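Each chain, written out:
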Amino acid sequence: MNFTCNTIAQPVVDVIFKEKGSKFIGYAYSVKNEEEIKKRLEEVKAMHASATHHCYAFRLGFSGKRYRANDDGEPNGTAGLPIYNQLLSNDLTYILLIVVRYYGGTKLGVSGLIKAYRQTAELTLNEAEIKVIEQTKKMTLNFPYSMQNIAMRLIERYDAELITQSYMEDCEHEIEIPRRNYMEFIRQLETHPDIEFWENK
């Protein structure tokens, strides 16, 4: 099972491609959900309120199964799909790619539009720094003070990250652990009955 995916490290903005008087401007953003996508789209539309089209594609999820391609008034399949195909060919997810078009007075035709949107998307992604995201799970551990050293060694050994720590009658730690280590971590915890644990939803 694949526990990692690729996105972009930083936004890429104002990547310009010109074709027969039309100007195409590319924007790429790392996004976590559709709320972020909506916000970024609104920002770009506000920046380019007089543009003819604001076409885009996005992918969400580790396998990129949640996606959309939008032509925003261009002929069907000439804008959103070429943009989306660049996300696929670069194996990127958790990403939104927008291409803004200012019409220059000369019609490009179907093939010309496909080429222009594809090329703008490609140039935009060429500017991006790729970042690998690792899938994780959040858990809570509860244990007596006498088990603290053992619990901390296990947390460190399996590359888990401490999110919160509480010291009351017992110790309670919320952690985030890479999915690749999750099952072995559980097996190790089960050898220590004094450490209670549960997965956070």
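Just so it is clear, the model here is predicted, and its values are computed rather than measured.

Attention shifts here to the pairing of strand E4 (residues 53–60). Most of E4 is tucked away: eight of the eight residues are buried. Alternating positions in E4 separate into two faces, His53, Cys55, Ala57 and Arg59 on one and His54, Tyr56, Phe58 and Leu60 on the other, with burial throughout. Two strands pair when backbone bridges link them, and E4 and strand E6 (residues 95–102) are joined in this way by seven bridges, in the antiparallel orientation. What sits directly across from His53, in E6, is Arg101. Judged from the five bridges that link them, E4 and strand E5 (residues 66–70) form a sheet pairing that is antiparallel. By the bridge assignment, Leu60 is partnered in E5 with Arg66. Between E4 and E5, which pair antiparallel one after the other, the connecting turn spans five residues, and Gly61 there sits at a positive phi close to 90°.

Turning next to the pattern of salt bridges. A side chain with one charge can pair with a side chain of the opposite charge if their charged atoms come near. Under the criterion given, the structure shown has eight salt bridges. Across the pair Glu43 and Arg40 runs a salt bridge, and its minimum N-O distance is 3.2 Å. Taken as a pair, Glu43 and Arg40 lie in helix H1 (residues 34–47) at a separation of three residues, close to a single helical turn. Taking relative accessible area as the criterion, Glu43 reaches 30% and is therefore assigned partly exposed. Between Glu184 and Arg187 there is a salt bridge, and its shortest N-O distance comes to 3.1 Å. Linking Glu184 with Arg187, this pair stays in helix H5 (residues 179–190), spanning three residues, or about one helical turn. On the accessibility criterion, Arg187 (44% relative accessible area) is partly exposed. Salt bridges linked by common partners bring Glu34, Arg66 and Arg68 together as one network.

Another aspect to go through is the packing of aromatic side chains. How two aromatic rings sit relative to each other is set out by the distance from centre to centre and by the angle between their planes. Here the structure, examined in full by the defined rule, presents six aromatic pairs. Judged by centre distance (6.4 Å) and plane angle (45°), the ring pair of Phe17 and Phe24 falls under tilted. Grouping residues by exposure puts Phe17 and Phe24 together as buried. With 5.9 Å between their ring centres and 80° between their planes, Phe62 and Tyr94 make a pair best called edge-to-face. Here the residue Phe62 occupies a position in the loop between E4 and E5, and Tyr94 occupies one in the loop between helix H2 (80–89) and E6, the gap between them amounting to 32 residues. With relative accessibility at 23%, the residue Phe62 sits in the partly exposed group. Residue class for Tyr94 comes out buried when judged on its relative accessible area of 17%. Sitting over the ring of Tyr182, Lys137 keeps its end group 5.0 Å from the ring centre.

Another aspect to go through is the environment of Phe143. Position of Phe143 relative to the elements: it lies in strand E8 (residues 136–143). Measuring from C-alpha to C-alpha, the distance between Phe143 and Gly105 comes to 70 Å, with 38 residues separating the pair along the chain. Those residues within four positions of Phe143 in sequence are excluded, and the remaining contacts are Gln148, Ala151, Asp170, Cys171, His173, Asp194 and Ile195.

Conventions we followed
- Residues numbered from 1 in each chain as written.
- Predicted model: local features only at pLDDT ≥ 70, side-chain atom pairs only at ≥ 80, totals over all residues.
- Heavy atoms only, no water.
- Buried < 20%, exposed > 50% of the residue type's maximum accessible area, 1.4 Å probe, protein only.
- Helix = DSSP H or I, 4+ residues; strand = E, 2+ residues; numbered from the N terminus.
- Pairing = 2+ DSSP bridges.
- Salt bridge = Lys/Arg side-chain N within 4 Å of Asp/Glu carboxyl O.
- Phe/Tyr/Trp six-rings, centres within 6.5 Å; stacked < 30°, edge-to-face > 60°.
- Lys NZ or Arg CZ within 6 Å of the ring centre and 35° of its normal.
- Contact = heavy atoms within 4.5 Å.

Interpretation note: all reported values are geometric properties and have no functional meaning in isolation.
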